[in-house]
Amino acid sequence: MKKAIGLLGGTFDPIHIGHLRPAIALLERLNLAEVRLLPNYIPPHKVPPDSAPEHRLAMVQLAADYTPKLVVDARELKRNRPSYTVETLIELRKELPDTPLCFLMGMDSLCSLNRWHRWQELLEYAHLVVSHRPGWQPDFNPTINTLYQVHGTTDGGQLQRRLGGCIYLFDNPQLDISSTQIRNCIRLGNNPQYLLPEPVINYVREKRLYQSPVL
């Protein structure tokens, strides 16, 4: 069996250190071969992205180039329709039949997982690695509580020994940063330095992304 890889999806509008630091922490804690960044075309559970797919992809690529063992997987941007995680996992499992897949998500996503498209199938193709705040107890609904009782593990080694099927809670450092906050910062003409990788800031400035409309 090959070394596990991580998968981190998101709108990335723009990608920022709140995305990247947890990805790096998980990469190191779980000894992953890499973490793939999967920008969504249209996220099913959020408002449409502010910037065009080509800009979001370019920013994710700049961040990955700046960060060892982060790579870009643009398959969801090529679908031109809402991005469903289960479809991506099915594709990846066919391409990587001997590689454990670790899909990274926040605790808020796990708590609402039973509202995801074909959510019951996710663990057939991957592990779910869930970031949460240290000392914070999740408030699972009965459906998710049952799912966690069956699939939950505290043994990170299982994520390398099995292709999928585990839910692993990871108490990684949480940064209170959001893409919305950063977009508002830029629209107000404020400096987003240290919230984004330097190459991403330069791209945002060059392309004049997230600027207030000229009246």
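Above: the structure in question.
The following refers to the structure shown. Since the model is a prediction, treat every value here as computed from it, not as a measurement.

### What to know about the pairing of strand β4 (residues 101-106)
A regular strand carries its side chains on alternate faces of the sheet. Taking burial as the measure, the six residues of β4 include five buried ones, the bulk of the element. Two strands pair when backbone bridges link them, and strand β1 (residues 5-10) and β4 are joined in this way by four bridges, in the parallel orientation. Counted as the bridge partner of I5 is L101 from β4. One ladder, built from five bridges, connects β4 with strand β5 (residues 127-131); its direction is parallel. Within the sheet, the bridge partner assigned to C102 lies in β5 and is H127.

### A few points about the sheet that holds strand β6 (residues 152-153)
The seven strands lie next to each other as β3-β2-β1-β4-β5-β7-β6, forming an open sheet whose pairing is parallel. Of all strands in the sheet, those bounded by a partner on one side alone are β3 (70-72) and β6. Alignment of β1 against strand β2 (residues 35-39), held across five bridges, turns out to be parallel. Bridging across to β2, L8 finds its partner in L37. Contacts from helix α3 (residues 85-95) reach β1, β2 and β4 within the one sheet, and its direction differs from that of β4 by about 160 degrees.

Criteria and cut-off values
- Residues numbered from 1 in each chain as written.
- Predicted model: local features only at pLDDT ≥ 70, side-chain atom pairs only at ≥ 80, totals over all residues.
- Heavy atoms only, no water.
- Buried < 20%, exposed > 50% of the residue type's maximum accessible area, 1.4 Å probe, protein only.
- Helix = DSSP H or I, 4+ residues; strand = E, 2+ residues; numbered from the N terminus.
- Pairing = 2+ DSSP bridges.
- Contact = heavy atoms within 4.5 Å.
- Axes fitted to C-alpha atoms, helices over the stretch in contact; angles between N-to-C directions.

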